[in-house]
Each structure stands twice: as C-alpha cells, then as structure tokens.
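Chains, contacts and geometry: an overview
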Amino acid sequence: MIKRIPAIDSIRGLLLVMMTLYNFLWMSTETSTLLDFTLPAVGLIGGVEAFVLLSGLLGGIVYRDTPKGFKELRAKSWWRAFSILRYHLISLLIVYAWFGICHAFLPAVSDIMQPNISSLSKSPEAAIFLSLMLINKPIFFDILPLFILFMLALPFLIAAYRRGWMWWVIVTSFVLWFGSNVFATTQTMAQLLRFFSEHALQLGTFSPLSWQLLFVIGSAIGFSTRQDNFFWHSKAVAALCVAVIAAILTIHDGVLIEPNSNLSGLYLQAEQSTLSWFRVVNCLAWAYLVTFVWRMRASWLEFRVLSYIGRHSLLVFSWHVVMLYWLTPLIMLFRATPYFDLLCLGALLSNWLVVWCKTTLGNLQMIHRLNLYAGLIIAGTISLAVMVMPSEERVSPSFREDIVPLTVVVEGIKASGDIMLLVFDESDNLMGVPSVLIRSYSVAEAREGIKLPHIPAGNYGVMAYQDSDGDSRLTMGVGGRPKEGLGYSNNPNVHGVPGMEQVMFPHPEASQQVIQLRYF
C-alpha cells in the first residue's frame, strides 16, 4: 500500500483551486482579484496540464510493483477508470436533469446555460447517447474522459516499461502527438458524427491523441523514480527551468513587449486543444522545478488546507463542475456587481464543504443527516428564488432594459458545423472571453441573420467562426493558423488577431452587421 504524499495532495488542492477560479472566469466573462493569479501566475498552462502529468507520474509510481503481475495491475487501473467513469456520468446526468428542469420551467435560465450545453438543446437524443459513450462532451465535461482513457492504457504502458521498451513508447507518443497537431483528427471525427445529428456535437477541447504525451511522459518518469541510476534533482536543469518560466511569464505579462501586442501570437503558439509544443515546454519546466523542490525540501510544498481537498480530487472536481452549471444564473446576474467576488469565494469554499460532508456524514445519526439535507434544500430554494426574481439594483448590464436589437449575418460559409458567435464589449480583450454573448447557431440561422434582441446600446466587436469539430473553440493548426472559418465585424483585412479598434462599431439603435468568413 502506497502511503499518501502530503506534498502531492497539496499540489492537487492548489490545482483544484486554480481550476475552480479559472472556470468561474470562463463562465462569467468577468475579471476579479480572486481570478488574477490563475493563469498569469503560471504562464500558458493551467490545472488540466498539471493534473494529466501528475496522474501519469503517480500511475508510474503506484502501479510499478504489483506482486501478482499484469492481471493485478490491469484490475487496479481499470477499477480506477471505472470510478472516474462513475463520477463523470453521475455529474453529467445531474447537469442534464438541471438543464431539462430549467428548459421546462425556467426558460430564461436555460437560455443562459445553452452556450455551454448547446448539443443537448439542439440534438437531445444524439447528445445523450453520445455522452454516455464519452464522445459528446459539453463544456467542463471533456476532462474526466481523458483520464478514463489514460487509466485504461496505463497497464499496457507499465508492461512495456517492464520489458525495456520505454523509449519506444515515448517515441510513439511523440509521433501521435505530432500527427494530431498536423492532421485535423477532431474535425474528421466531427464529420463522421454527422450521421447522428445535423448539428455539431460537442467533442471537447482536448484531443486525446495530443494529450496522451503528458501522461506517457509522467508515467515514464514515475516508473523510473525507483531506479538507482535515475537522477531528478540537477541544479543546472532546475536553473534552466527557472529561466524558461521567467521568460514565458515576462512575455505573457507584457514586461518586455508592449502589452496586448504580443499576446495574440503567444496564444496562437500555445494552442490548448492539441497541446502545442509551447505548452509542453512550459508544463515540463514547471514540473521539473516543483519536483526539484519536492526532493530538496518536501515540507515547503505541504499545506494542510490544500491537501484536505487534494486527497479527494475526483470528488471535488466533479462537484465543482456541477456547481458551476447550477450557479450559472447567479454568475450571470452578479458578474458586474460588487457581489461577484463574494459569490466566487463562496463557490470556492464549497469545495472544502463537500469533502467535509463526505468524511463526516457517515458518522452522523440519521436525524442529523436529514436536518443537513433539509438545510441544503432550503438553501437551494432560496438561491433559486434569487435566480428567477433578481432585484433591479443587482441586475447585470446584460439584463438592462435600455436595449436595441442587433442582427448579425454570416456570409461565405463553406463547411459544415455550427457558427459560434462572440459579441465583445469595447473594453474586452479579443483574445479573451466576451462579456456580452457567446453562443452557437445553425448555418441556416447564420445565413438568414442571427437576431440578438437584448443588446444594450454601446460599442461592440463581433467575432464569428465555424465550429467544424464541435469543441466550442477556434481550432488552430501548425504555425497558429486557424483551421476553421473565421471573421470579424467590419471585416478587417489583417493577418493575425485584429485590434478592438478595427472591429468595433457603434450600436446606438437597431443595426445589422455582415461578417464574411475567411478560410485559411
């Protein structure tokens, strides 16, 4: 039995905190002092990269020595995969049920949730069936299926390492990663799935053929840690990693180059879906540096408050996804008010609450458990009342009454797949998440004209792209060139990401924008 490592649990807890805060940023499109450290603090990687690498590392360590051989290894690893699958499906069904209730009784709430769960609203039968098959993956539900696949493959990786084939496995992994970056594997899958639905399904952000590289590297390192000739604490390499991280952070925060002028090219070289080389380098540099500190002084990485939730990472991650969907209406209502930070902090603290419930409910008497459940139901009812009956002074600008309709027509559509429409306020960053609207529409709706009746008067920029692979993101190819049709308001003739001043237009009254898609 492998003893728990407090430093590793603390790192897991920190990653869960980062992911919760960042996903709040994604859902709310709002900035906050609580969110500022999630990405700038680590450059161009997030919690997902670290979790994948860490899972591979622990898999290599934990499953390296199994007394009963391959059968025991396979049984343990596949049982872990089944546990992940169980959490994934339960969370998914809860969210689907919540969306169904909102669609039937709270249409305003379901409209807010629709961009993140568009496949269910447009093709419910195909979405549910393919979700159970781990193919259709709404926003935030594309992470656990990665770990399921990796845990299913882990016994075969360990068996290959035992036979001395480690370098062959690593080379094969690099070939798969490179091929996934060169060839549009996700887009091919999207075209095949047209058999099930005329609408683009949500295939998730992360390409398994790309992301397996981090898991394989982590498992190889973990497997090698018990070898006598393994050396993982070189001061020279650690210094090099510090230099690489410092350079990335300096560029990312605009210290050496004028802010915003460099970020577009930087992010294009750091495509997340196919795990670009820039992300791999950034992630491995951080991994080596953290492991170096762990080997030198593990106590520096041990924090009880973080390890408390890190020991239950699967539960906390599943909970935070369900919580984000459940709180979506509140997030949208409070995102531009002083209450947003409090809401974000409360959601973050609930990660500790759900662990406390799991570890203590088993020791409570039945009457105490019933009281707790009743309290949660009452709290949920009050929250629901707040969602559907917001007071005027708390309403976000998106719900203001001084609105004028905007119509967006998309021309030049040459491929299949829904059209993703993003409406940015003049204060937004075009490389970030829009604060006004992000939603998918059918090709027919885009050609006829997408009517947006609830846009307040102001200055805006609009971006449209064709989501051919169904991952709800603009897919980039080698060299940072978009693989999918892309266009902006005012149709600027530029190479790369335009500035807000090039796409911004005044919207004082009912108006129409015509966007011409370009395919690169």
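Our structure's up above, just so we're on the same page.
These lines cover the structure that appears in this document, whether it is placed above or below.

Quick notes on the rules
Residues numbered from 1 in each chain as written. Predicted model: local features only at pLDDT ≥ 70, side-chain atom pairs only at ≥ 80, totals over all residues. Heavy atoms only, no water. Helix = DSSP H or I, 4+ residues; strand = E, 2+ residues; numbered from the N terminus. Buried < 20%, exposed > 50% of the residue type's maximum accessible area, 1.4 Å probe, protein only. Areas by Shrake-Rupley, 256 points an atom, 1.4 Å probe, with all protein chains shown as cover. Contact = heavy atoms within 4.5 Å. Axes fitted to C-alpha atoms, helices over the stretch in contact; angles between N-to-C directions. Left-handed = near helix turned anticlockwise from the far one by under 90°. Nonpolar A, V, L, I, M, F, W, Y, C, P; charged D, E, K, R; others polar. Salt bridge = Lys/Arg side-chain N within 4 Å of Asp/Glu carboxyl O. Patch = residues over 30% accessible without salt bridge, like charges linked within 9 Å, V, L, I, M, F, W, Y side chains within 5 Å. Phe/Tyr/Trp six-rings, centres within 6.5 Å; stacked < 30°, edge-to-face > 60°. Lys NZ or Arg CZ within 6 Å of the ring centre and 35° of its normal. Expected span 1.5 Å × (residues − 1). Bend = angle between axes of the 7 residues up to and from the residue. Pairing = 2+ DSSP bridges. Core = buried A, V, L, I, M, F, W, Y, C linked by side-chain atoms within 4.5 Å. Arc of directions from axis to C-beta.

**Considerations on the overall build of the protein**
When helices and strands are tallied, the protein shows 20 helices and eight strands. For the protein, the residues scored as buried account for 52% of the 520 residues in total. Only carbon and sulfur atoms are counted for the fraction: they give 66% of the accessible area of the protein, which is about 24600 Å².

**A look at the side chain of aspartate 9**
Mapped onto the fold, aspartate 9 is located in helix α1 (residues 6–28). Judged by relative accessible area, aspartate 9 falls into the buried class, the value being 3%. Look past the residues within four positions of aspartate 9 in its chain and what remains in contact with it is Arg4, Leu306, Ser307, Gly310 and Arg311.

**Brief notes about the packing of helix α2 (residues 47–62) against helix α10 (residues 208–224)**
In helix packing, the relevant descriptors are the interaxial angle and the interaxial distance, both defined with respect to the helix axes. Relative orientation of the contacting elements α2 and α10 amounts to 35 degrees, with a least axis distance of 6 Å. Judged by the sense of rotation from one axis to the other, the crossing of α2 with α10 is right-handed. Listed contacts from α10 to Val48, Glu49, Val52, Leu53, Ser55, Gly56, Leu57, Gly60 and Ile61 of α2 are Trp211, Leu214, Phe215, Ile217, Gly218, Ser219, Ile221, Gly222 and Phe223. For the contact of α2 with α10, a count of residues per class yields 11 nonpolar, six polar and one charged.

**Some remarks on the pattern of salt bridges**
Applying the stated criterion across every chain yields a total of two salt bridges. The partner of glutamate 72 in a salt bridge is lysine 76, with the nearest N and O atoms 2.9 Å apart. Of this pair, glutamate 72 and lysine 76 both sit in helix α3 (residues 70–105), separated by four residues, roughly a single helical turn. Judged by its relative accessible area of 17%, glutamate 72 falls in the buried class.

**Here we look at a nonpolar patch on the surface**
On the surface, Trp78, Leu149, Leu152 and Phe156 cluster together into a nonpolar patch covering about 370 Å² of accessible area. The greatest single-element share of the nonpolar patch, amounting to three residues, is contributed by helix α7 (residues 144–162). Here phenylalanine 156 is to be found in helix α7. Its relative accessible area of 47% is what places phenylalanine 156 among the partly exposed residues.

**Some words on the packing of aromatic side chains**
Under the counting rule described, the total for this entry stands at nine aromatic pairs. Ring geometry for phenylalanine 140 and tyrosine 325: centres 6.4 Å apart, planes at 80 degrees, overall edge-to-face. Here tyrosine 325 lies in helix α15 (residues 313–326) and phenylalanine 140 lies in the loop between α6 (124–132) and α7, a separation of 185 residues in the sequence. Every member of this aromatic cluster is reached through a ring pair, and the members are Phe70, Trp78 and Phe156. The aromatic ring of tryptophan 78 is capped on one face by arginine 74, whose charged end is 5.7 Å from the ring centroid.

**Some words on α7**
Between its terminal C-alpha atoms α7 stretches 27 Å, which fits the 27 Å expected from 19 residues at 1.5 Å a residue. A maximum bend of about 40 degrees is found in α7 at leucine 154, where proline proline 155 lies one to four positions downstream. Phi for glycine 164, located one or two positions after α7, is positive at around 85 degrees.

**A short note on the sheet that holds strand β4 (residues 450–452)**
Spatially, three strands are ordered β4-β1-β8 in an open sheet, and the strand pairing comes out mixed. Two strands close off the open sheet at either side, each with one partner strand: β4 and β8 (511–516). Each strand axis lies, on average, 20 degrees off the axis of its neighbour in the sheet, ignoring direction. In terms of strand pairing, strand β1 (residues 406–411) meets β8 through six bridges, oriented parallel.

**Remarks on the side chain of serine 318**
On the secondary structure map, serine 318 appears in helix α15. The residues contacting serine 318, other than those within four sequence positions of it, are Tyr87, Ser91 and Leu144.

**Things to note about the nonpolar core**
Residues Phe24, Val52, Tyr161, Trp211 and Tyr325 are the most contacted members of the largest nonpolar core, which totals 88 residues. Per-element tally for this core: the top contributor is α7, with 11 residues. For valine 52, the residues in contact, after removing those within four places along its chain, are Phe147, Phe150, Trp211, Leu214 and Phe215. Counting 20 residues, the second largest nonpolar core, distinct from the first, contains Val408, Ile419, Phe505 and Ile515.

**Digging into the environment of alanine 464**
The topology assignment puts alanine 464 in strand β5 (residues 458–467). Placed 26 residues apart in sequence, alanine 464 and isoleucine 438 show a C-alpha to C-alpha distance of 9.7 Å. Look past the residues within four positions of alanine 464 in its chain and what remains in contact with it is Val410, Ile419, Met420, Leu421, Gly485, Leu486, Gly487, Ile515 and Leu517.

**Digging into the pairing of strand β2 (residues 418–425)**
Taken across its eight residues, β2 has seven buried, putting it largely inside the fold. Sheet topology places β2 next to β5; eight bridges connect them, and they run antiparallel. Opposite phenylalanine 424, over in β5, you have glycine 461 as the bridge partner. Relative to strand β3 (residues 437–441), β2 is paired through five bridges, and the arrangement is antiparallel. Bridging across to β3, isoleucine 419 finds its partner in tyrosine 441.

**Examining unusual backbone geometry**
Of note, asparagine 490 is a non-glycine position whose phi angle comes to about 70 degrees, a positive value. With respect to the helices and strands, the residue asparagine 490 is situated in the loop between β6 (486–488) and α20 (500–503). The phi dihedral of asparagine 491 is positive, around 45 degrees, even though this residue is not glycine.

**Observations concerning α6**
Note: α-helices contain 3.6 residues per turn, so residues at a spacing of three or four share the same orientation. Looking at α6, one finds that the buried residues are Ala126, Ala127, Leu130 and Ser131. In a view along the axis of α6, the buried residues occupy a sector of 125 degrees, so they form one face of it. Tucked into the core, α6 has its buried residues touching α3 and α5 (118–122). Positive phi appears at leucine 134, one or two residues downstream of α6, with a value of about 65 degrees.

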